[in-house]
Amino acid sequence: MPARVLDGAAVAAQIREEMVPRVAAFTARAGRPPGLGIVLVGENAASEIYVGGKVKSAAGAGLRVDLERLPATASIDELLALVDRLNRSRAHDGILVQSPLPDGMGAEGERRVFDAIDPSKDVDGFHPINVGRLVQNRASLVACTPSGIVELLERSRIPIAGVRAVVIGRSDIVGKPMALLLLHRHATVTICHSRTPNLPAVAREADLLVAAIGRAAFVAPEFVKPGATVVDVGINRLADRAQVEGIFGAGSKRLQDFERRGSVVAGDVHPAVADVAGALTPVPGGVGPLTVAMLLKNTLRAAEDRLG
Ligand code: NAP
């Protein structure tokens with residue numbers, strides 16, 4: 001029997017719907033809507049798409065949203081000055097600096113910029129203070145993708161307490177916070193990465209498997225215990241016809257989409273996993289919409305906390 005599809009887009013719409021009265025109440029009390037400042041540096045095509053989606057959703061939810069652009073040639077100091085202005089702004093409750101920053105700024109530069117964001121406005125949940133609070137299970141602003149996954153699981157009545165969970169990926173933005181959120185909900189959690197031996201066998205122990213790897217169709221059926229819940233975080237753009245046909249098959253809708261558009265998106269989980277898993281998030285339409293919904297929810301939460 002094919003896996004139950006966990007509809008992230010529907011849950012994201014529900015989360016946005018639930019925000020409507022809270023946004024109205026905040027706006028009435030504060031005399032202004034909750035405000036989000038998004039900073040985009042340079043011209044990364046994928047970032048343009050992500051940021052466009054965030055701006056549209058935020059505006060649709062009744063938030064004030066300001067997109068602040070800097071050229072790829074901007075210095076770290078210019079970017080830090082912009083973050084400082086948003087930190088001091090009374091109209092902005094949330095600040096998001098879109099990653100990745102231009103190569104010239106380096107990994108250390110990205111860290112300096114994220115560290116400079118006022119933790120009470122850190123709606124991405126990347127600031128060390130917010131990460132520390134998450135470790136201690138007293139966080140208010142948590143990274144959007146893993147917290148969206150928890151919303152999806154809980155609202156879909158997928159058990160977390162007591163289950164064996166395996167998270168493949170240990171990034172600061174997905175894998176690590178995901179593992180902590182599941183741990184705090186009483187799952188027994190294993191975190192895997194590129195140096196994990198016997199990965200398929202470890203993954204196969206999971207009742208709940210989260211794939212946050214960044215490699216198209218990497219998680220094959222042999223990674224999955226029959227009946228397990230599989231959450232596919234990966235967003236991989238495929239521009240090679242043979243690869244699309246190899247993963248999705250000759251007569252597949254995805255291959256037809258590829259013929260029309262020249263590229264398609266694939267998750268980290270192979271489509272054949274649908275025949276083994278009990279429940280599965282689709283790509284697209286699974287985790288992606290939840291990430292944006294949680295950004296809006298975090299902004300509202302930050303606004304309410306600032307208002308007191
Ligand atoms: P990342 O920082 O590149 O981390 C990838 C992780 O996967 C690393 O921990 C890496 O291990 C591990 N990995 C790579 N190759 C592996 C292998 N062969 N076997 C086992 N583990 C392996 O990526 P990320 O930022 O976490 O993102 C992961 C994916 O999720 C990407 O496709 C990204 O586009 C997507 N994403 C989606 C959303 C959404 O809203 N849906 C949000 C964020 C990210 P090492 O640590 O050992 O290198």
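The structure contained in this document is the topic of the report that follows. Please read all numbers here as calculations on a predicted model, not as lab measurements.

Quick look at the packing of aromatic side chains
Right, so step 1: Throughout the structure, instances matching the rule amount to two aromatic pairs.
Right, so step 2: With a centroid separation of 5.3 Å and an interplanar angle of 65°, the aromatic rings of Phe-114 and Phe-126 are classed as edge-to-face. A residue pair is termed long-range when its members are at least 10 positions apart, and Phe-114 in helix α4 (residues 106–116) and Phe-126 in the loop between α4 and α5 (128–135) qualify at twelve residues.
Right, so step 3: Overall, Phe-114 belongs to the buried group, its relative accessible area being 12%.
Right, so step 4: Between Phe-218 and Phe-223, the aromatic rings sit 5.7 Å apart at their centres with planes inclined by 65°, giving edge-to-face as the arrangement.
Right, so step 5: Taking the relative accessible area as the measure of exposure, Phe-223 reaches 5% and is therefore buried.

Section: the sheet that holds strand β11 (residues 279–280)
Right, so step 1: The strand order across the open sheet formed by six strands is β1-β11-β8-β7-β5-β6, and the pairing between neighbours is parallel. Only two strands of the sheet have a single partner each, and these edge strands are β1 (4–5) and β6 (188–192).
Right, so step 2: Helix α7 (residues 175–184) contacts β5 (164–168), β6 and β7 (208–211) of the sheet and is inclined by roughly 170° relative to β5.

Regarding the site of the ligand
Right, so step 1: As a structural note, the neighbourhood of the ligand is formed by 22 residues, with Arg-170, Ser-171, Ser-194, Arg-215 and Thr-291 the closest of them.
Right, so step 2: At 2.7 Å, a side-chain N or O of Thr-291 approaches an oxygen atom of the ligand.
Right, so step 3: Its free accessible area being 930 Å², the ligand has 71% of it covered by the protein chains.
Right, so step 4: Residue classes in the shell around the ligand are distributed as ten nonpolar, ten polar and two charged.

Considerations on helix α6 (residues 144–155)
Right, so step 1: Between its first and last C-alpha atoms α6 spans 16 Å; for twelve residues at 1.5 Å apiece the expected length is 16 Å, and the two agree.
Right, so step 2: Judged by how many residues are buried, α6 sits mostly within the fold: ten of twelve residues are covered.
Right, so step 3: Taken residue by residue, α6 has Cys-144, Thr-145, Pro-146, Ser-147, Gly-148, Ile-149, Val-150, Glu-151, Leu-152 and Leu-153 as its buried positions.
Right, so step 4: Looking at the buried positions of α6, the neighbouring elements they touch are α1 (8–30), α7, β7, β8 (229–232) and α11 (287–307).
Right, so step 5: Directly after α6, the chain includes Arg-157, whose backbone phi takes a positive value near 55°.

Focus on the side chain of Lys-54
Right, so step 1: The topology assignment puts Lys-54 in helix α2 (residues 45–60).
Right, so step 2: Here Lys-54 sits buried without a salt bridge, and the closest side chain of opposite charge, Asp-124, lies 5.6 Å off (N-O distance).
Right, so step 3: Setting aside residues no more than four positions away along its own chain, Lys-54 makes contact with Ile-38, Leu-96, Gln-98, Val-292 and Leu-295.

Regarding unusual backbone geometry
Right, so step 1: The amide bond that connects Ser-99 to the next residue, Pro-100, takes the cis arrangement and shows omega of 0°.
Right, so step 2: Mapped onto the secondary structure, Pro-100 falls in the loop between β4 (94–97) and α4.
Right, so step 3: For the bond running from Val-283 to Pro-284, omega is 0°, close enough to zero to count as cis.
Right, so step 4: Take Pro-284: it is sitting in the loop between β11 and α11.
Right, so step 5: Residues other than glycine seldom take positive phi values, yet Asn-198 does so here, at roughly 50°.
Right, so step 6: Its place among the elements puts Asn-198 in the loop between β6 and α8 (199–203).
Right, so step 7: Not every positive phi belongs to a glycine, and Ala-217 is a case in point at roughly 60°.
Right, so step 8: The class for Ala-217 is buried, based on a relative accessible area of 12%.

A few points about the sheet that holds β4
Right, so step 1: Judged by pairing direction, the sheet is parallel, and its three strands sit side by side in the order β3-β2-β4 without closing on themselves. Both outer strands of the open sheet, β3 (64–70) and β4, are each paired with one neighbouring strand and no more. Within this sheet the neighbouring strands show an average axis-to-axis angle of 15°, counted without direction.
Right, so step 2: Alignment of strand β2 (residues 35–41) against β3, held across seven bridges, turns out to be parallel. Bridge pairing links Gly-35 to Arg-64 in β3.

Observations regarding the packing of α1 against α6
Right, so step 1: The interhelical angle for the contact between α1 and α6, taken along N-to-C directions, is 100°, at an axis separation of 10 Å. Here α1 is positioned roughly perpendicular relative to α6, judged by the angle of their axes. Contacts from Gly-8, Val-11, Gln-14, Ile-15 and Glu-18 in α1 reach Glu-151, Leu-152 and Arg-155 in α6.
Right, so step 2: For the contact of α1 with α6, the residue count by class is three nonpolar, two polar and three charged.

The rules we used
Residues numbered from 1 in each chain as written. Predicted model: local features only at pLDDT ≥ 70, side-chain atom pairs only at ≥ 80, totals over all residues. Heavy atoms only, no water. Phe/Tyr/Trp six-rings, centres within 6.5 Å; stacked < 30°, edge-to-face > 60°. Helix = DSSP H or I, 4+ residues; strand = E, 2+ residues; numbered from the N terminus. Buried < 20%, exposed > 50% of the residue type's maximum accessible area, 1.4 Å probe, protein only. Pairing = 2+ DSSP bridges. Contact = heavy atoms within 4.5 Å. Axes fitted to C-alpha atoms, helices over the stretch in contact; angles between N-to-C directions. Near = heavy atom within 4 Å. Polar contact = N/O pair within 3.5 Å; in protein donor to acceptor, adjacent residues only side chain to side chain. Areas by Shrake-Rupley, 256 points an atom, 1.4 Å probe, with all protein chains shown as cover. Nonpolar A, V, L, I, M, F, W, Y, C, P; charged D, E, K, R; others polar. Expected span 1.5 Å × (residues − 1). Lys, Arg positive; Asp, Glu negative; His and termini not counted. Salt bridge = Lys/Arg side-chain N within 4 Å of Asp/Glu carboxyl O. Parallel < 35°, antiparallel > 145°, perpendicular 65-115°, else oblique.

These figures capture arrangement, not role.
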